[in-house]
Amino acid sequence: MEFESNCSLMKNTSASVAWSSKLPQGLDVEISHHPITLRCVANLIIAMERLNGGKGFTLGTKFREENLLNFLLESAVEVLELESARTEAFSRAGFSSKGEYECSVTDSENKSWVLNEGSMELHAMMLQGGSSYHKVHLNLSTYITPFPSETKARPVALGIKGSNLYLSCITSEGMPTLHLEEVADKEQLKSINHESDMVRFLFYKQDTGVNISTLESAHYRNWFISTALQQDNTKMVNMCQRETSNRNTTIIIQRHN
């Protein structure tokens, strides 16, 4: 019988003869020239290993095309299962904390983030002279992930220095909203499952210039940390979509160590 492979593993007849000599009696292979794919190669190699003893039986002269097709289909299933297992492993790995540094934040209008302890909200306001001590300092934790970002943004978590408070993005009244949440066990943030609810603490930091960034929610994509454009200290730091006209998504992050 003759079997025409869809994988161009060799380009000359001598190579075809070399392969034919390794096949069980009653089976031959004819090599044709087609583009090589890794899956073709993997399927053919796995099938040949089985034919050479993996199954523990001998092929006779009545070996039919459907028998070989079954071998190749089983091999394809194995390749797909391997790819699925790798994707599942990546998902379990999720986000892993890599480092941390202290920083402070202002917006493009030089308004600083200030913590309103009564309402547990962050507000952006202009600070004059001796009032600069009200400025919030953050611990910014960076993360690595097996899932590369299309925009090359880096996942980060933002915690209020000297406290257990972390910024999170959750739904409130049907809208993604910025909140401050207390995290009693900070070890929970060192490794975050890609599909876990803890992703609400992560933001994609996209640098657009020197110390200039945007912070997009990892939980609700296309929603960014923002401040109000007008000089209104009553407006809290919150989430908005990039195209929102009265909100400013440009963040200036000043590193302190």
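Every chain's residues receive numbers from 1 upward, in the order its sequence appears when written. At least 70 in pLDDT is required for a residue's local features to be given in this predicted model, at least 80 for side-chain atom pairs to be given and counted, and no such filter applies to totals for whole chains, interfaces and linings, which use all residues. Hydrogens are left out, water is left out, and the side-chain values use all remaining heavy atoms of the structure.

## Some remarks on the pattern of salt bridges
Heads up, the condition is: Any carboxyl oxygen of Asp or Glu that lies within 4 Å of a side-chain nitrogen of Lys or Arg is treated as forming a salt bridge with it. Between buried and exposed lies partly exposed: a residue is buried under 20% and exposed over 50% of the maximum accessible area for its type, with that area taken using a 1.4 Å probe on protein chains only.
As enumerated under the stated definition, the model contains eight salt bridges in all. Note that Glu109 is salt-bridged to Lys111, the shortest N-O span being 2.5 Å. Residue Lys111 is classed as buried on the basis of its relative accessible area, which comes to 2%. The salt bridge partner of Arg200 is Asp197, with a shortest N-O separation of 2.8 Å.

## Some thoughts on unusual backbone geometry
Here is the rule: Helix and strand assignments come from DSSP, with helices taken as H or I runs of at least 4 residues and strands as E runs of at least 2, each series counted from the N terminus.
Although it is not a glycine, Asn110 sits at a positive phi angle of roughly 65°. Mapped onto the secondary structure, Asn110 falls in the loop between strand S3 (95-107) and strand S4 (112-116). We note that Glu173 has phi near 55°; this positive angle belongs to a residue other than glycine. Relative to the helices and strands, Glu173 is located in the loop between strand S8 (165-172) and strand S9 (175-182). A relative accessible area of 81% means that Glu173 is categorised as exposed.

## Quick notes on the packing of aromatic side chains
The test is simple: To pair, rings of Phe, Tyr and Trp, with the six-membered ring standing in for Trp, must have centres within 6.5 Å; the planes then decide the type, stacked if under 30 degrees apart, edge-to-face if over 60, and tilted in the middle. Look at NZ for Lys and CZ for Arg. If either is within 6 Å of the ring centre and within 35 degrees of the ring normal, a charge sits over the ring.
Scanning the model with the defined rule gives zero aromatic pairs in all. In this arrangement the basic side chain of Arg255 is found over the ring face of Tyr101, its NZ or CZ atom lying 3.9 Å from the centre.

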